[in-house]
Protein chains: 2
Amino acid sequence: MSVCESYFPSEPTAPVVVTQSQGPNSKKAAESLGKVFDSRAAYFVADYAKSIGNYIVDVDGNTYLDVYAQIASIPLGYNNPKLIEVAKSDKMTSAIINRPALGMFPGADTEEIIADLLKVAPKGQDKVWSGLSGADANELAFKAAFMWYQAKKRGYASPFSAEESESVMKNQSPGSPELAILSFERSFHGRLFASLSTTCSKPIHKLDFPSFNWPKAQFPAYKYPLDANEAANKEEDARCLVIVENLLKGWHCPIAAVLIEPIQSEGGDNHASAAFFQGLRYLTLKYGSLLIIDEVQTGVGATGTFWAHEHFNMSPPPDMVTFSKKLQSAGYYFHDPEIIPNQPIRQFSTWCGDPARMILAGAIGKEVVEKDLTKQAARVGDYLYAKLESLAAKYPDYMADLRGKNRATYIAWSFKDASFRNKFLADMKAVGINVGGCAEDSVRLRPTLVFEWKHANILVTAMEKILSSY
Amino acid sequence: MSVCESYFPSEPTAPVVVTQSQGPNSKKAAESLGKVFDSRAAYFVADYAKSIGNYIVDVDGNTYLDVYAQIASIPLGYNNPKLIEVAKSDKMTSAIINRPALGMFPGADTEEIIADLLKVAPKGQDKVWSGLSGADANELAFKAAFMWYQAKKRGYASPFSAEESESVMKNQSPGSPELAILSFERSFHGRLFASLSTTCSKPIHKLDFPSFNWPKAQFPAYKYPLDANEAANKEEDARCLVIVENLLKGWHCPIAAVLIEPIQSEGGDNHASAAFFQGLRYLTLKYGSLLIIDEVQTGVGATGTFWAHEHFNMSPPPDMVTFSKKLQSAGYYFHDPEIIPNQPIRQFSTWCGDPARMILAGAIGKEVVEKDLTKQAARVGDYLYAKLESLAAKYPDYMADLRGKNRATYIAWSFKDASFRNKFLADMKAVGINVGGCAEDSVRLRPTLVFEWKHANILVTAMEKILSSY
């Protein structure tokens, strides 16, 4: 019996299409929801009680194979029985109703909860600071980087000067120094003000918001297929690393950290080589900046290693690794004790994370490891990738730049333009497959970790049906 | 039977002191926790399974009457049976394990969950946008304010210019305009980058972080007792309103919103009059800024009205009211449809809040309303305030500027200096009362809403014992 079958003996065997998407009930529910909440972006209204495994059910009874999975956020399928157990446990109940101010009044079980979260820490990381979302995780990492940078300048144990303490109350330097985070064009790191200052995806994400004047380097833009374009892509790596180096040397203020996704996801599933990441690691060490890897979307098994950057063999490992989404909790992993601020209550908030979500994260990590779901994702992904490669050969006008080889199910491809891509996404929903886009013209697959061979077959069959009709 | 007795028939009748605080087990647990988490700020390690009602128990068996309540975040006491019921419900289980991307795939129960949250909306507010923490709530409100401000300038339905769309990708104006949020000296609005740019509490909260150059006005600094200083305090209101008006008129960039706490809490429990808030309302209307009231700490019954700003009879009501802490969820309430961005996916994130926490918020609101706990807090607070007034008369050296009359249990007073205050906080722990400070020299009471007359007596008796020993 497969892992998925053992979790979900009654998972549907195929999508069921009852109405168009969105159907009349969805439409009515979304309109009604609109009275109290902004529901304009709702694709459909889901019935989570009926959703199971890889299938999401809507209020019209449509049953979709879900390869979008709440924007890459469902790790173990809907209504996973192991997670139901955890959710019903007394430990969870207490975490929900007795939410502690974790920094001041940690609980007797706090150490265990955090230790469980550390069991899936990336190689080389052994500490964690917890937050509440991907954007929050990145901004907490920025705070750690800025404190680290200034401590390095001032001396870790040195006191703040009177001038620093006075000026900071006016949001002025030297207490509030001008420091930057370097990120990349087409990146997505969240939508709070500092994280949005690093995000560089689409204008609509950023318009009308004040921002920090922080530099953007260029992320490699590879030619596909990779094996036929090795030399050109190597040059592209070199070109982009020069840009990074020039910014590290020449930006008008110090760059405390470089922030990058292992695969730019929202920005179009843009990949870069191990050599490029190793080059970044070299440059950050050379110029005294931290390297922060944003694994909010790429983390937790989806690329065939538990953390995507583990494909790159960076040495030493990145200084901080941020997480959220599939881990259902958020924060950053790190190793260097000097990334802990020199005084308590500097990296701080009332809640310092959510133990309820951290308990769930620990349980998810445990299941992924015990059931070896990362390796399974790799095997299913290889199988799926080969099928998609054949489809791409057959329908080259609709499947350009297939990417994600050897990255498990973390697969994407491009259409000619946005309108074709959007038509494809809608057509897929119409045959019962919920799939998402990225950038303007691409499709990204983000199934759960219990997505198996049979689901891959259903996906490919549906795609062929649609592509052959174009 | 009192509400507290009906919830907690086995609540302790008095604090139990077994060891000093922190005791040997707490010390050991905090040290061990320190290997995986920053536990330097831990007062003690709590045993939440054993904590009940108004009493928090630590791992040494010390049982404290808790008038700090996780920095004002526990509404209905530890292990409240009604909340246990909610935490164990299938609705909660689904919200925990099937966490939706709420904007794209809302659930069939989303409308009900949000409608429950709206049942306790401040007067005049009928919509809500949800976030994850107080800082997040404020920053989401800032985003709403900036979009509103620019839409007013550009026209709500007008398209973005090509220049805006290009410049914003470089974090430059006009796409990323220079706009400000006006806040007040001594305020606390959270610790992410934009919220921290409005926070003006202590240097240690702000040092080393880049910030936005946003203006700070002065919050009234009243003379106490209030009834003996009416004329002087009225002048203080006028003085501070002039500062606000000058900033609204003369700051180097437009001020999209004014942000203020009804009572500055972290900053020292600084109160301002209804007239001052009415004046702010007038000025924000006059100069075309939104008024955001930060009720993260003051909200949910603690001041004798469900929302503290309802004491001030502002007309029209504030444009946005942010919440978190005791409501266990976070976000902003609002009314004006033009505060909804002109396009979807502008106020957005993967999760758009946490339905699990929102379900809890709805249940908390329902209990507070059904059990009339706001009114009870007012009655208990009046009783407690009178007793503290007598104590203050007897120990004027240790209880200056008693504040919070007619504000239920939201009471504070000042010591001569930080060292005396800190000694008092430690001495209180030593007799089994967990109480918190604010500013450098003040003590703030932040009990739950099930804090009753008998608990007030225990608190006052303990205080008298300590103050009489000085």
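Residues numbered from 1 in each chain as written. Chains lettered and ligands numbered in written order. Predicted model: local features only at pLDDT ≥ 70, side-chain atom pairs only at ≥ 80, totals over all residues. Heavy atoms only, no water.

For chain A, the name recorded in an unreviewed UniProt entry is 4-aminobutyrate aminotransferase, with Metschnikowia bicuspidata as its organism. Its UniProt record gives chain A a comment under Subunit (unreviewed entry), which states: "Homodimer and homotetramer." As its UniProt record puts it under Catalytic activity (unreviewed entry), chain A is described as follows: "4-aminobutanoate + 2-oxoglutarate = succinate semialdehyde + L-glutamate". (UniProt positions renumbered as here; feature names shortened; annotations may be inferred.)

Asker: Could you give an account of the interface of chain A and chain B, naming the residues involved and the relevant values?
Answerer: The partner chain B presents 114 residues to the 115 residues of chain A that form the contact. The largest per-residue losses of area from chain A upon contact with chain B belong to Phe37(A), Phe105(A) and Asp208(A), which jointly make up 8% of the total buried on that side. Asp90(A) serves as the salt-bridge partner of Lys88(B), at 2.7 Å between the closest nitrogen and oxygen. At the boundary of chain A and chain B, one finds 57 residue pairs in polar contact (both at pLDDT 80 or more). Within the side of chain A that touches chain B, the residues separate by chemical class into 63 nonpolar, 29 polar and 23 charged. (Contact = heavy atoms within 4.5 Å. Buried area = accessible area lost by both parts, 1.4 Å probe. Salt bridge = Lys/Arg side-chain N within 4 Å of Asp/Glu carboxyl O. Polar contact = N/O pair within 3.5 Å; in protein donor to acceptor, adjacent residues only side chain to side chain. Nonpolar A, V, L, I, M, F, W, Y, C, P; charged D, E, K, R; others polar.)

Asker: I'd love a proper account of the relation of the copies chain A and chain B, names of residues and values included.
Answerer: Mapping chain A onto chain B is achieved by rotating through 180° and translating by 0.0 Å along the same axis, at an RMSD of 0.0 Å. Both chain copies can therefore be described as sitting about a two-fold axis. Closest to the rotation axis within chain A is the C-alpha of Lys88(A), separated from it by 2.9 Å. Of the residues that chain A buries at the interface, 99% are likewise interface residues in chain B, meaning the two copies contact each other through the same surface. (Least-squares fit on C-alpha atoms with pLDDT ≥ 70 in both.)

Asker: Outline the pairing of strand 11 (residues 330-334) of chain B, supporting the account with residue identities and numerical values.
Answerer: Residues and elements named next belong to chain B. Where burial is concerned, most of strand 11 is hidden: 5 out of the 5 residues are buried. Burial along strand 11 is two-sided: Ala330, Tyr332 and Phe334 facing one way and Gly331 and Tyr333 facing the other are all buried. Note: strand 3 (residues 127-131) against strand 11, 5 bridges, orientation antiparallel. Paired with Trp129 across the bridge in strand 11 is Tyr332. Between the end of strand 10 (residues 320-323) and the start of strand 11, which pair antiparallel, lie 6 residues, with Lys325 showing a positive phi angle near 40°. (Buried < 20%, exposed > 50% of the residue type's maximum accessible area, 1.4 Å probe, protein only. Helix = DSSP H or I, 4+ residues; strand = E, 2+ residues; numbered from the N terminus. Pairing = 2+ DSSP bridges.)

Asker: Lay out the side chain of Asn138(B) with the relevant residues and their values.
Answerer: Residue and element names in this part refer to chain B. Mapped onto the elements, Asn138 comes out in helix 7 (residues 134-154). Overall, Asn138 belongs to the buried group, its relative accessible area being 0%. Only 2.9 Å separates the side chain of Asn138 from the side chain of Asp294, close enough to count as a polar contact. Excluding residues that lie within four positions of it along the chain, Asn138 makes contacts with His189, Leu259, Asp294 and Thr322.

Asker: Can you explain the domain arrangement of chain A? Please cite residues and give values.
Answerer: All names here are of chain A. For chain A, the assigned domains read domain 1 (3-80 + 373-468) and domain 2 (100-353). For domain 1 and domain 2, the distance between their C-alpha centres works out to 30 Å. Contact with domain 1, which involves 27 residues of that partner, is made by 23 residues of domain 2. Both sides of the domain 1 and domain 2 interface together cover about 2,100 Å² of buried area, and 52% of this is carbon and sulfur. The three residues of domain 1 that bury the most area against domain 2 are Thr374, Arg407 and Tyr410, which together make up 32% of that side's buried surface. Counting the contacts that link domain 1 with domain 2 gives 2 salt bridges. If you look at where domain 1 meets domain 2, you find 12 residue pairs in polar contact (both at pLDDT 80 or more). Secondary-structure elements contributing two or more residues to the side of domain 1 that touches domain 2 are helix 3 (69-72), helix 14 (373-394), strand 12 (400-403) and strand 16 (442-444). Among the residues making up the side of domain 1 that touches domain 2, the classes are represented as 15 nonpolar, 6 polar and 6 charged. (Domains from an automatic or database assignment.)

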